[in-house]
Amino acid sequence: MDGVKVGVFLSDCGNQLSKILDFDDLTNYVKNISGVALVSRRSEFWRGEGLQTIKDDIEGGKINRVVVAESLPKLSEVNIVQAVEEAGLNPYLVETIDLKDHCAWPHRETPKEATEKAKAMLLAAIERAKLLEPIEKLEFPTLKSTLVIGGGIAGMQAAIDLADLGFEVNLIEKAPFLGGLASRAGRFFPTDDCAICIQSPASDVKTITHTSRKCVYRSGFSEIPNLTILTNSKVVGVEGVPGNYKVTIENKPRYVDEMKCIACDLCTTVCPVEVPDEHNAKLKNRKAIYMRVPNVYPPVYVIDESVCKFYDCAKCVEICPTRAINLDQKSKQMTLKVGSIIVATGFQEWDSRVIKEYHYGDNPDVITNLELARMIDGFGPTGGAIVRPSDRKPAKKIVMIQCVGSRDRRWNPYCSSICCMISLKHASLIKSAHPDTDITLCYIDIRTTGREHEDYYERAREMGIKFVKGRPSEISRNPETNTLIVDVEDELLKRLLELEADLVVLAPAMVPAEGTKELAELLSLELDKDGFFKEYNAKLRPTETKLRGIYLCGGATYPKDVPTASLHAHSAAVKAAKFLTTGKIVKDQRTAVINGDYCGDCEFCPVTCPYDAISLEETTEGHFIAKISDLLCEGCGICVGTCPLSAIELRHSRPSQIQAQIKGLMSVNGTSKPLVLAICCSECGHTAVDSSGMAMMKYPANVRVMKVPCTGILQVHQLLDAFKAGAQGVMVVGCKSDGCHYEVGVQKAEKKVELVRILLKEYGIEPERLEMFNMVYIEGNKFAEAAQMMTERIEKFGQLQLVGVS
Amino acid sequence: MTSYALFLGCLIPAHQPNYELSVRKSLAKLGIELVDLANMTCCAPPPVQSIDLETSLAVAAYNICLAEEADYDLITLCSGCFESLSMANSMLKADEQLKAKINKILSKAGKEFLGNKDVKHYLQVLIDDVGLKRLEQSVSKPLTDLKVAAFYGCHALRPSELLKLDDPERPRILETLIETIGAKSVEYLNKLKCCGGLLKGYSDDLALSLAREKIANIARAGADCVATLCPFCFVALDVGQVLLRGKFHEIYDMPVLHYSELLAFALGIGSKELAITPATHKIKVDKVISKTS
Amino acid sequence: MMYDEEEKTASLEFSEVVTRRLGGETIRRCYQCGTCASSCPVAKITERFNPREIIKLSLLGKKDEVLSGDAIWLCCSCYNCQERCPQKVEIADVIYALRNIAFEESHRPNIYSDFASALLNDGRIVKISKFYEDKRPALGLPPLQPTGVDMLRKILSATGFDRLQQKEKS
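Residues numbered from 1 in each chain as written. Chains lettered and ligands numbered in written order. Predicted model: local features only at pLDDT ≥ 70, side-chain atom pairs only at ≥ 80, totals over all residues.

(A) How the structure looks around the overall build of chain B. The number of helices and strands found in chain B is 14 helices and 8 strands. The C-alpha atoms of chain B give 19 Å as radius of gyration, which agrees with the globular expectation for 293 residues (19 Å, within 12%). Counting only C-alpha atoms and orienting by the principal axes, one finds that chain B spans roughly 55 × 45 × 35 Å. In chain B, which comprises 293 residues, the proportion classed as buried is 59%. (Helix = DSSP H or I, 4+ residues; strand = E, 2+ residues; numbered from the N terminus. Rg over C-alpha atoms; globule rule 2.2 N^0.38 Å. Buried ≥ 20, exposed ≤ 12 C-beta atoms within 10 Å, placed from the backbone.)

As structure tokens, then:
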């Protein structure tokens, strides 16, 4: 610590603080602390002349550490640190404390005590500052390219955005054609326009003006130069780090050459194999070689290899006028190097066969919304006619049932959010085209919360669509008429009804798309309790995941309508663009570092790290030690708290720095009450203390506050050391148990507090001297009450006598 | 030799010796030993559950304790007993707190529920322990011309999460067993609907309405007889037809038999050995007997 | 922790009383979808019984209407409702719980009082007549094992069942 020169800057906030705190006393006290080179006092230091003086002192060589007592340090620190850097000093050699919200305001009724506390706070800050080390900023290069997984509406929108912004984009889709669910849905509510309509790209494709909306097949988006579209392809492997992912793609053969196929349809006329067409709800058949209608992209036929007879037939090969068919095509694997990944894999209809009383699957006249959509679609298997699949007679009496498998504790407890509108859409479209159709919709609740959705519901009622509030218990078949009978209670009428129907349409739950679980494993992404991809925080960081560089959009996170999916897609694109635009990730090295000599290869830390930032490396001596990635480490310190051998330290929050703070805070009492140490996390805990001060709440001055990145950093012995340092009571203040900003930190802290309490009891010390508190920023009152409560409790316990500690 | 402790319940020894005989004799022929344990009581079915659920659980658990002490799994003939005992068994096995609570009560009678035995309906024993193949081989008089309407009743199947006998919406066990003894299983409307038996005594009218619908549907389907699994259902449909004649002047003449009685016929045990009399079967079963001999 | 509220010792909400009763724990899950009413064989033939309505009245706190009424005794315990409920409300068990509360508060239909007496006296709800018992050897049935009435009475005393015997207050 030789040559450390600490500059201490005290702001009195326009002389307001000096009405409570004795600034002369403070200045004298600070001057006498070893290592302090100068003490300065002004109204404010975070801007203007005050800030300039700090810079001057640095540039003049007078100081090489900065301690500032300033107002609202979480905001003002940004300015200060920037100025320090401009002056040529490493910006991490700065420590700011808050004498206003953490001292003067809460203790304004006991000014002498407040001043004594201020002394302790300053001592703690100075001792910590003396131990601070310069910390570098690291740069990690990123590739300016993206992989978008999923070629539905959301995936296509995100891909177009990024391609327009100049990034290399690879859009992959596991089906042979783009479009996803939209290609089956026909029309989208509330405007009943085409499902495959998307915004055109702004790039210069000849036929498009920048305001026109075009559907996928005529938007020219496939001609965007830096957009590569791979259909019939899926992700089979992912390696690498944010900014540099290596993705292995498996490309299934189409057996038809994209460059030669002219979509003339001759091949299907000779193909002998006919199978039920899944895309058209099996209401009609298709051949082994086929193309989807209406086409989205690519306009190339494809052979279904599971049913094709290949060389036992090969009639299509002969008849193709451009010789486009190649039965020798093989599966290919390719590797893509991308900087970021967007997951847009969407959702699907749940399989309602398990609700046996509805007979979906064994009675052909019980169908789902998606299957009905195929019938309504003029391009569909029935040419727009609504018919009973069993005998193809027109369906004149239709009963629709909502919440099939949704809002159901046995299957999918959530509300699938779009099915009310989908069913209303179908009912309205059918009623418009065939007004003599009798349609009854059975519901538990009608949810039409989006823009213009209530109007849609109103129009549906005005069209004469009937509504029954009640969930049907059973669908049975009348064997004489071959019609269906739906048993339901109309609870508004309080009457049990038996509705006769030609066709029953179920609105099944919307569940994650097939392959979601496997993809989540490949990408190390978390799924929520319903199996959808988990957004990191839907309010503050939508579309983001816990991993930098991987984003989510569209129905992959939760069923949503197209306007919402659109917003989501554009949002994900912006996030990905922000991530990639500078071509590098800049991170400071306030990360964890392993002491290889102490690491015992117990392997707790890699498992505990919420960011998978720790891996195990084999040393030259043949054993493993932990290694931390500076790129992935988020600086929470949970690994520090986990390591049983204290082999890990977090830069800028090293145990020595924390210890120095604790000692400083406990050095001066000045009140008649016992000293209580409150260790607060930087996210919720410390900000709750801020808000208690800002709201002018009061608590006694014997409570001393210090900040750590996350309470998860705390080790058992540190909590015990706090008592040795003079604390009579210790509060650990963190986020809510299920709301830790670093996933698991606060839960780890809770466990440690429990354990230390057991130890305290063994030592004959009251375990309630240590307590865990959970709160959020706006709960300043909770902090003030807790501080008061702990003080009173410790007072009752009396003085703690530790043997062998001076 | 597979052995089970037999739980008779109340109704069967009270006035359905035919049921008891048909089960004892059929299972004996199929190599299942039935052991009678002392000190059993009422199983605490819905009428007792309606008064106090905790008592019912304790009483049911008590009876299971007797089987645990004697080291036998329990077999029941009455669906009401099956539901009561099976539910208690499942609930206490799954919930430690509840088990502790009930054991506190049982300790007053010097018993402790351990949860190490199973409660089975005799149908399950036929499927699991005898097996369909051996059952088929044991049939000496297949009931070839007989059209049987399977009637499960409610408490053999539901609540399915706790009872786990068969799929509550599409059960097959009884139909399969009917077909294994050579008869034909006949489908009818609302097969799984309740017979209304438990409403008797509180609302005889409603009970009778439900029984009437059941009998009418079975008759319409052209069955020769109904096969029941429960003494309550049996009485509802058998005595019920007498009441229907009196009240609505409707005569269905639909014989009601327990499945085990049909099973006994198929195994060559004559009706005379089974106490089948006009006292035990109010609707004459002569037609069925003549078709089966 | 210091922020826990004190338990209200004043009278509890009726639906809370039901949730604390064995069998009634799930009543508050109900969102009134009506699947139970539609599955119920009794509701189909009489307006006097509707399981959805009984739950609704209980949730709204209409304790007297529910407990002194006729409806709760009309359930035939077929469990169809409980089987099909999408919120896994244990409807048939809730009705048992309501009956239990009603019984405790002296709403006791005669037939159930009779069952209670029979259980206490004979250890069985249906008495086994001497006629049939004596006939057993002739029919080829083994003699009836003794009923464990004494042990049963100890259990019934431990649960307080023995105090539930009196006939219904009119």
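(B) Quick look at the sheet that holds strand 22 (residues 366-368) of chain A. Residue and element names in this part refer to chain A. Across the sheet, which stays open at both edges, the 5 strands sit in the order 22-29-23-24-25 with parallel pairing between neighbours. Every other strand in the sheet has two partners, leaving strand 22 and strand 25 (466-469) as the edge strands with one partner each. Going from strand to strand, the sheet's axes swing by 25° on average, the running direction of each strand aside. When strand 22 meets strand 29 (residues 503-508), the two strands line up parallel, connected through 3 bridges. Note on strand 29: the bridge partner recorded for isoleucine 367 is valine 505. Against the sheet, helix 10 (residues 369-376) engages strand 22 and strand 29, with an angle of about 85° to strand 22. (Pairing = 2+ DSSP bridges. Axes fitted to C-alpha atoms, helices over the stretch in contact; angles between N-to-C directions. Contact = placed C-beta atoms within 7 Å.)

(C) Representation of the sheet that holds strand 19 (residues 332-338) of chain A. Residue and element names in this part refer to chain A. Ordered in space as 13-14-19, the 3 strands form an open sheet in which the pairing is antiparallel. Strand pairing shows two members of the sheet lacking a second neighbour, strand 13 (233-241) and strand 19, which therefore form its edges. On average, adjacent strands in this sheet sit at an angle of 20° to one another, irrespective of strand direction. With 7 bridges connecting them, strand 14 (residues 244-251) and strand 19 associate as antiparallel partners. Considered in strand 19, the bridge of lysine 246 is made with lysine 337.

(D) Up close: helix 4 (residues 53-70) of chain B. Residue and element names in this part refer to chain B. End to end, helix 4 covers 26 Å across 18 residues, agreeing with the expected 26 Å (1.5 Å per residue, within 8%). Helix 4 sits mainly inside the fold: 16 of its 18 residues count as buried. Positive phi shows up at aspartate 71, right after helix 4, with a value of about 65°. (Expected span 1.5 Å × (residues − 1).)

(E) Seen up close, the environment of Leu6(B). Residue and element names in this part refer to chain B. Relative to the assigned elements, leucine 6 resides in strand 1 (residues 2-7). In the structure, leucine 6 is positioned 67 residues away from aspartate 73 in sequence and 8.8 Å away in space, judged by C-alpha atoms. Apart from the residues within four sequence positions on either side, leucine 6 is in contact with Leu34, Val35, Asp36 and Ile75.

(F) The arrangement of the environment of Ile111(C) in detail. Tracing the backbone through its elements, the reader meets Ile111(C) in helix 8 (residues 110-122). Beyond its immediate chain neighbours, meaning those up to four positions away, Ile111(C) contacts Gly201(B) and Tyr202(B).

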